[in-house]
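Per-entry structural report
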Amino acid sequence: MTLMWIIIIILILIIGIYIGVYNGLQKSKIHAQEAWSQIDVQLKRRNDLIPNLVETVKGYAKHESETFEKVVQLRNQLTQIPASDHTEKMKVSDELTNSLKTIFALSENYPNLKANQNFLNLQEELTNTENKIAYSRQLYNSSVAFYDEKLVTFPSNIVANLHHFQKMDYLETPATEKEVPQVKF
Amino acid sequence: MLYQQIARNKRKTTFLLIIFILILALVGAGAGYIFANNAVVGIIWAVLGSLVYLAIVLHNPANLVMSMNHGREIHEQDDPELWHIVEDMALVAQVPMPKVYIINDPSPNAFATGRDPKHSAVAVTSGLREGLNREELEGVLGHEFSHIRNYDILVSTIGVVLVGVISFISSYAARYVWWFGGNNKRDNDEKNMSPVEAIFKIIAVVFVFILGPLSASLAQMALSRNREYLADAGSVELTRNPHGLISALEKISGGKPMKKADRSSAGMYIENPFHNQGWSHLFDTHPPTADRIKRLEKM
């Protein structure tokens with residue numbers, strides 16, 4: 001009689017732990033996905049701001065049309081990439097970041113542009129968005145690290161294997177992005 | 001390195017908080033013994049009194065502390081850049097957006113306060129806002145967000161309350177002995193008092209007068225010193241960039257002392273607002289800046 005109770009209690013404990021571990025895995029996966037959507041929100045926000053920036057700067061810096069074309073082209077390219085392709089999206093996004101930096105570096109040569117309130121607002125908004133992209137990337141990477149750690153550590157690795165949880169990939173920061181762009185005339 | 005430091009600092013904070021409450025009980029016991037010949041009554045009064053005071057303060061500590069320090073609340077349109085940096089830090093620290101305040105003072109400084117991450121506020125002085133670039137502001141605000149995330153804001157609010165209660169009991173006891181020490185009642189008491197009892201009373205008086213407030217402020221200082229190292233480490237964890245905070249700390253420590261900071265909130269600031277130049281570093285609310293920079297450089 002007592003033996004049966006012990007077995008029942010152990011079974012309940014095992015099932016309880018199993019459910020807890022499974023939910024923990026699901027939660028950290030959703031958390032990482034949420035962190036990605038944070039990045040996406042900022043990418044969209046930046047895409048909305050870019051046409052305004054180009055319009056504002058164009059009038060002042062007529063000779064730089066090549067730079068504008070590249071920014072607009074990258075922006076359009078970014079909207080075509082499917083949401084699931086994180087790596088490709090980040091690659092184009094990094095290129096766009098660098099082109100935007102070039103535009104802001106250009107503005108140094110046009111005093112009237114630098115004094116334009118509309119341009120200053122746009123610059124702050126875009127800097128803000130760039131920073132938000134960087135910080136949400138960092139958040140995404142730490143959420144992924146937390147999730148991936150669960151996939152390889154005991155006992156969650158057993159549950160993860162049974163339910164075919166897939167490892168998620170980090171977003172790599174390219175070395176060039178950490179440098180300030182050099183603009184020469 | 002980063003995570004070990006955080007764990008070690010958390011243990012120290014708990015330990016110091018326990019010492020703090022013990023000192024409060026001892027001072028309460030001493031005062032109870034002086035007034036009513038009953039130490040237990042004193043302990044009960046001290047603990048009950050501080051709990052009531054604590055409950056009142058904790059209802060809305062952010063507003064109270066901000067008005068004590070002459071802070072003015074701002075919104076996004078008042079200072080977009082500052083607002084956006086705070087937003088960034090809230091995003092990466094995964095805490096709700098705190099209220100943002102500006103303190104009109106040319107001395108560069110900042111602090112965070114509140115009860116928990118949902119009821120928190122950060123304040124920067126106008127001197128800090130104007131003198132620092134974006135990277136440095138991120139370092140400083142990262143430091144403040146670590147205080148919020150680690151619930152340091154709660155610990156420091158409790159610290160302010162307990163030190164307040166201990167110095168209240170002590171100064172009340174001092175006034176009592178000063179004004180009523182020579183009246184008839186005490187003469188009657190003295191006739192009935194045995195020499196041993198008299199010695200104990202003198203010890204209790206000395207303890208409550210000197211040791212109580214002294215050890216209370218020592219404990220508060222030590223508490224905040226450890227918290228500063230922890231928050232520096234936390235800032236690097238959030239910004240992944242020790243250089244911003246290092247150059248910010250250099251600028252802050254080189255600035256002038258603040259004009260009218262609230263004395264009991266001094267421990268909350270990122271750097272001691274009065275820049276103490278005293279005979280002893282026992283009462284410093286903050287670790288030496290050079291020491292903080294050295295630790296940051298190792299990260």
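Our structure is the block above this text.
Further remarks concern the overall build of chain B. Within chain B, the secondary structure is distributed over eleven helices and four strands. Within chain B, residue pairs in contact and separated by at least 24 positions form 71% of the contacts whose partners lie at least 6 positions apart. Total accessible area on chain B stands at roughly 14,400 Å², and carbon and sulfur atoms take up 63% of it.

What follows deals with the environment of Thr 87 of chain A. Among the secondary structure elements, Thr 87 of chain A is positioned in helix α3 (residues 86-107). Distance in space between the C-alpha atoms of Thr 87 of chain A and Ile 17 of chain A is 35 Å, their sequence separation being 70 residues.

Before going further, it helps to examine the packing of helix α9 (residues 195-239) of chain B against helix α11 (residues 289-298) of chain B. All names here are of chain B. Where α9 meets α11, the closest approach of the two axes is 10 Å, and the angle between their N-to-C directions is 35°. Of the two elements, α9 crosses α11, and the hand of that crossing is right-handed. Contacts between α9 and α11 pair Glu 228, Tyr 229, Asp 232 and Val 236 from the former with Asp 291, Arg 292, Arg 295 and Leu 296 from the latter. Residues that form the contact of α9 with α11 fall into these classes: three nonpolar, no polar and five charged.

Now for the nonpolar core. Residue and element names in this part refer to chain B. Counting 36 residues, the largest nonpolar core has Leu 128, Val 140, Leu 141 and Phe 145 as its most contacted members. For this core, the elements supplying multiple residues, two or more each, are α4 (80-93), β2 (99-103), β3 (110-114), β4 (120-125), α6 (134-149), α9, α10 (242-254) and α11. For this core, the element with the most residues is α4, which contributes nine residues. Counting residues in hydrophobic clusters, the runner-up holds 26 residues, among them Ala 31, Leu 54, Ile 169 and Val 208.

This part takes up the pairing of β2 of chain B. Residue and element names in this part refer to chain B. Counting buried residues along β2, four of its five residues qualify, which places the element largely inside the surrounding structure. Two elements, strand β1 (residues 71-74) and β2, share four bridges in a ladder whose sense is antiparallel. Bridging from a neighbouring strand, Gly 71 pairs with Ile 103 of β2. Bridge count for β2 against β4 is five bridges, and the pairing is parallel. Paired with Ile 102 across the strands is Val 124, a residue of β4.

Turning next to the interface of chain A and chain B. Contact with chain A, which involves twelve residues of that partner, is made by 15 residues of chain B. Interface of chain A and chain B: buried area, both sides summed, is about 1,200 Å²; carbon and sulfur atoms make up 50% of it. Counting the contacts that link chain A with chain B gives nine residue pairs in polar contact (both at pLDDT 80 or more). Of all the elements in the fold, those that place two or more residues in the side of chain A that touches chain B are α1 (2-58) and α5 (117-152) of chain A. Here the side of chain A that touches chain B takes ten residues from α5 of chain A, the largest share from any one element. Across the side of chain A that touches chain B, the residue classes break down as two nonpolar, seven polar and three charged.

Okay, the packing of α5 of chain A against α4 of chain B next. Two elements in contact, α5 of chain A and α4 of chain B, have axes separated by 9 Å at closest approach and are oriented at 10°. Compared by their axis directions, α5 of chain A and α4 of chain B come out roughly parallel. Here Glu 124, Glu 125, Asn 128, Asn 131, Lys 132, Tyr 135, Ser 136, Gln 138 and Leu 139 of chain A of α5 of chain A come into contact with α4 of chain B, specifically with Pro 80, Glu 81, His 84, Glu 87, Asp 88, Met 89, Leu 91 and Val 92 of chain B. Residue classes in the contact of α5 of chain A with α4 of chain B are distributed as six nonpolar, five polar and six charged.

Rules and cut-offs
- Residues numbered from 1 in each chain as written.
- Chains lettered and ligands numbered in written order.
- Predicted model: local features only at pLDDT ≥ 70, side-chain atom pairs only at ≥ 80, totals over all residues.
- Heavy atoms only, no water.
- Helix = DSSP H or I, 4+ residues; strand = E, 2+ residues; numbered from the N terminus.
- Contact = heavy atoms within 4.5 Å.
- Areas by Shrake-Rupley, 256 points an atom, 1.4 Å probe, with all protein chains shown as cover.
- Axes fitted to C-alpha atoms, helices over the stretch in contact; angles between N-to-C directions.
- Left-handed = near helix turned anticlockwise from the far one by under 90°.
- Nonpolar A, V, L, I, M, F, W, Y, C, P; charged D, E, K, R; others polar.
- Core = buried A, V, L, I, M, F, W, Y, C linked by side-chain atoms within 4.5 Å.
- Buried < 20%, exposed > 50% of the residue type's maximum accessible area, 1.4 Å probe, protein only.
- Pairing = 2+ DSSP bridges.
- Buried area = accessible area lost by both parts, 1.4 Å probe.
- Polar contact = N/O pair within 3.5 Å; in protein donor to acceptor, adjacent residues only side chain to side chain.
- Parallel < 35°, antiparallel > 145°, perpendicular 65-115°, else oblique.

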